[in-house]
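For reference, the chains in residue letters:
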Amino acid sequence: MQLHPAAAKSLDTWHAMVAKGDLKELPSIVHPEAVFRSPIAHTPYASAAAVVLVLNTAYQVFENFQYHRQLAADDGLSVVLEFSASVGDKQLKGIDFIRFDEDGKIVEFEVMVRPLSGLQALGAAMGARIGERIPQFKSPAPPAAS
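Each value, and the rule that gives it
Residues numbered from 1 in each chain as written. Predicted model: local features only at pLDDT ≥ 70, side-chain atom pairs only at ≥ 80, totals over all residues. Heavy atoms only, no water. Helix = DSSP H or I, 4+ residues; strand = E, 2+ residues; numbered from the N terminus. Contact = heavy atoms within 4.5 Å. Areas by Shrake-Rupley, 256 points an atom, 1.4 Å probe, with all protein chains shown as cover. Expected span 1.5 Å × (residues − 1). Buried < 20%, exposed > 50% of the residue type's maximum accessible area, 1.4 Å probe, protein only. Arc of directions from axis to C-beta. Salt bridge = Lys/Arg side-chain N within 4 Å of Asp/Glu carboxyl O.

**With respect to the overall build of the chain**
Here comes step 1: For the chain, the count of helices and strands is three helices and six strands.
Here comes step 2: Taking all contacts inside the chain whose residues are at least 6 apart in sequence as the whole, residues at least 24 apart take part in 52%.
Here comes step 3: Of the accessible surface of the chain, which amounts to about 8,200 Å², a share of 53% is contributed by carbon and sulfur atoms.

Encoded structure:
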């Protein structure tokens, strides 16, 4: 499946940033109301600022980060990227689910990681760096059903 042209352009920007080791252009491809879904927290983090903070921090925490496969959804606006990395002495594999809008802005970024030991190492490293700042970005709970 082909990606929507705007999504493909933003994905190319993402891959170029990762290859250079510099995510300074990240805000340019993230929608202001984007959501980040963490493998560690049940409640998603809302806003471009949250997405940028988490992804920049994760990129600093990961060692030997490498993408392996890329799959596109039928809608042309969603991709799945398989990656591997290490955090300290723990190896991990993961998947980034990225959904773009028609303007090519990231509207949702979800990460899944395995094994548990790698996820725990990632959680500890991320918590040490941004643990006090990230709670402000938690999405409010949906209204209770009446």
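**Quick notes on helix 1 (residues 5-20)**
Here comes step 1: Spanning 16 residues, helix 1 covers 23 Å between terminal C-alpha atoms, matching the ideal 22 Å at 1.5 Å per step.
Here comes step 2: Looking at helix 1, one finds that the buried residues are A6, A7, S10, L11, T13, W14, M17 and V18. For helix 1, the arc enclosing every buried residue in end-on projection is 155°, short of the 170-degree limit, so these residues lie on one face. Opposite the buried face of helix 1, by more than 90 degrees, sit the exposed residues P5, K9, D12, A19 and K20.
Here comes step 3: On its buried face, helix 1 sits against helix 2 (48-61), strand 3 (63-72), strand 4 (78-87), strand 5 (90-100) and strand 6 (106-114).
Here comes step 4: Positive backbone phi, approximately 75°, marks G21, located one or two places after helix 1.

**Some thoughts on the pattern of salt bridges**
Here comes step 1: Considering all chains together, one arrives at six salt bridges under this definition.
Here comes step 2: With a shortest N-O distance of 3.7 Å, D22 and K24 are connected by a salt bridge.
Here comes step 3: You can call D22 partly exposed: its relative accessible area is 28%.
Here comes step 4: A relative accessible area of 63% places K24 in the exposed class.
Here comes step 5: A salt bridge links R69 to E82; the nearest nitrogen and oxygen atoms lie 2.9 Å apart. With a gap of 13 residues between them, R69 in strand 3 and E82 in strand 4 connect regions that are remote in the sequence.
Here comes step 6: Residue classification places R69 among the exposed residues on the basis of a relative accessible area of 54%.
Here comes step 7: Three or more residues joined by partner-sharing salt bridges are found here, namely R37, R99 and E108.

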